[in-house]
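So the chains spell out like this:
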Amino acid sequence: MSAAGASAQELEEQAEREALARAAEMGIHRLAIPTPFMVGRVNAYLIEDSPLTLVDSGPNSAKALDELEQGLEALGHRVEDIELLVISHQHIDHFGLAAILARRSGAQVAALEALAPFLAGYGRQAELDDVFAERLMLRHGIPREVVTALRAVSAGFRGWGQAVEVTRPLRDGQELELAGRRLRVLHRPGHSPSDTVFVDERRGTMLAADHLIAHISSNPLLTRPLEDTGEEASEQTRPQALLTYIESLRRTRAMELSLVLPGHGRPIADHAALIDERFRMHERRARRIAGLIAERPRTAHEIAQELWGNVAVTQAFLTLSEVLGHVDLLLRDGRVVEEDEDGVVSFRAAR
Ligand SMILES: [Zn+2]
């Protein structure tokens, strides 16, 4: 208890209100849009500037559109007023509504150049992602029936996304110029291959999407590389999502920032402390997994079961991503080795 008698939660809520008020003074307004996903609401940000800019859209659903419209209206705007739509990365809770918003408003759509083909060909690209995930899961010991069930779940979610044409491709390092500010476009892959953050260097403010989230560690999901067409045996080049993510976090940690506005949940005031906490957590998990592998060789799926028990089918891919990310740290440090037996990989301690 503090002297004022406020609980930790009350203090947190007060800090959140103050941070959002600071953002609002800069003309940046958070619109928390509902999603059907476990993560809960997704944050879109309206930047009152010229052009009137919306960063991320929420998923493709009537409920999301309705709440977005209400949020805009409360700020004195309509969907039709949006002039620039910026997409942070390839997840449907962030871009699902973009096509509808662009059609209604005539807004330009800005996203990383390398992400444009994915967004334009969303349906086919989502299919390729599923093929990639399926191969990876079978290769790492997840039973066939779980893989089949997950495929159905994924197909069921597909409608929350919709293909959208990028009319303003962005390059890493360039500046997006609005009348009242410049936003540095920075590619920060790891959570997904296309994660892009937007930094107002003068105001020390970053729009971070899922690159950094306060209340959950952004799971670096094993994802098909953007340039991978799915034709080749992708399992030979398993992306090292956690290593990529840690490198991206290091670059963000080195920046002077006083406010980070994430894609989910509350604003972040001390990004360096939060990133340090994440680094410690990843080290702890890697140590724990090293211990399990030292006992006997195990597949990634066996390690996940040891750590979390028989997780829900829908979590099988998340936990696999989590385990493989940490195994990658151990592989990099020469502490474990990978063995392939009849197309299924297990890990054993390095001798
Ligand atoms: Zn995401």
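Residues numbered from 1 in each chain as written. Predicted model: local features only at pLDDT ≥ 70, side-chain atom pairs only at ≥ 80, totals over all residues. Heavy atoms only, no water.

Asker: Explain the environment of A316 residue by residue, including any values.
Answerer: Looking at where A316 falls in the secondary structure, it is placed in helix α11 (residues 316-332). Residues A316 and M137, spaced 179 residues apart in sequence, show a C-alpha to C-alpha distance of 8.5 Å. If we ignore the near neighbours within four places in the chain, the residues touching A316 are I142, V146, L150 and V311. (Helix = DSSP H or I, 4+ residues; strand = E, 2+ residues; numbered from the N terminus. Contact = heavy atoms within 4.5 Å.)

Asker: Please give an account of the coordination of the zinc ion that cites residues and values.
Answerer: Surrounding the zinc ion are the protein donor atoms H89 (NE2), H91 (ND1), H191 (NE2) and D210 (OD), at 2.1 to 2.3 Å. Every donor counted, the four donor atoms about the zinc ion form angles of 90 to 171° at the centre, which fits irregular coordination. Spacing between the donor residues of the zinc ion along their common chain follows H-x1-H-x99-H-x18-D. (Donors = N, O, S within 2.8 Å, 3.2 Å for Na, K, Ca; no water. Tetrahedral: all angles 85-135°; square planar, octahedral: opposite > 155°, others 65-115°.)

Asker: Break down the sheet that holds strand β3 (residues 53-55) for me, citing the residues and quoting the values.
Answerer: Pairing within the open sheet is mixed, and its six strands lie in the order β1-β2-β3-β4-β5-β6. Of all the strands in the sheet, just β1 (28-33) and β6 (168-170) have a single pairing partner and so form its edges. With direction set aside, neighbouring strand axes in the sheet form an average angle of 20°. Note: strand β5 (residues 108-112) against β6, three bridges, orientation parallel. Within the sheet, the bridge partner assigned to A110 lies in β6 and is R168. (Pairing = 2+ DSSP bridges. Axes fitted to C-alpha atoms, helices over the stretch in contact; angles between N-to-C directions.)

Asker: Please provide a residue-by-residue account of the packing of helix α8 (residues 241-253) against α11, values included.
Answerer: Following both chains from N to C, one finds α8 and α11 inclined at 85°, their axes separated by 7 Å at the closest point. As the angle between them shows, α8 and α11 are arranged roughly perpendicular. Here A241, L242, L243 and I246 of α8 come into contact with α11, specifically with G325, H326, D328, L329 and R332. Classifying every residue of the contact of α8 with α11 gives five nonpolar, two polar and two charged. (Parallel < 35°, antiparallel > 145°, perpendicular 65-115°, else oblique. Nonpolar A, V, L, I, M, F, W, Y, C, P; charged D, E, K, R; others polar.)

Asker: Run through helix α4 (residues 98-105), naming residues and quoting values.
Answerer: Among all positions of α4, only A98, A99, L101, A102 and S105 are buried. Around the axis of α4, the buried residues are gathered within 165° of arc, so they sit on the same side. Close packing links the buried residues of α4 with β3, α2 (62-74), β4 (84-86), α3 (92-95) and β5. (Buried < 20%, exposed > 50% of the residue type's maximum accessible area, 1.4 Å probe, protein only. Arc of directions from axis to C-beta.)

Asker: Describe the pattern of salt bridges, with residues and values.
Answerer: Scanning all chains against the criterion turns up 28 salt bridges. Between E67 and R41 there is a salt bridge, with its nearest N and O atoms 2.8 Å apart. Highlighted residues: E67 in helix α2 and R41 in the loop between β1 and β2 (42-47), separated in sequence by 26 residues. For E67, a relative accessible area of 24% puts it in the partly exposed group. Between D200 and R203 there is a salt bridge, and its shortest N-O distance comes to 2.6 Å. Overall, the relative accessible area of 25% leaves R203 in the partly exposed class. (Salt bridge = Lys/Arg side-chain N within 4 Å of Asp/Glu carboxyl O.)

Asker: Account for the sheet that holds strand β9 (residues 196-200), with residues named and values stated.
Answerer: Pairing is mixed across the open sheet formed by five strands, whose spatial order is β7-β8-β9-β10-β11. Taken across any chain shown, the strands that pair with only one partner, and hence form the sheet edges, are β7 (175-178) and β11 (259-262). Here the average twist between neighbouring strands, direction ignored, is 25°. Pairing of strand β8 (residues 181-187) with β9, which is carried by four bridges, proceeds in the antiparallel orientation. The residue of β9 that forms the bridge with V185 is F198.

By themselves, these are just geometric observations and shouldn't be taken as functional.
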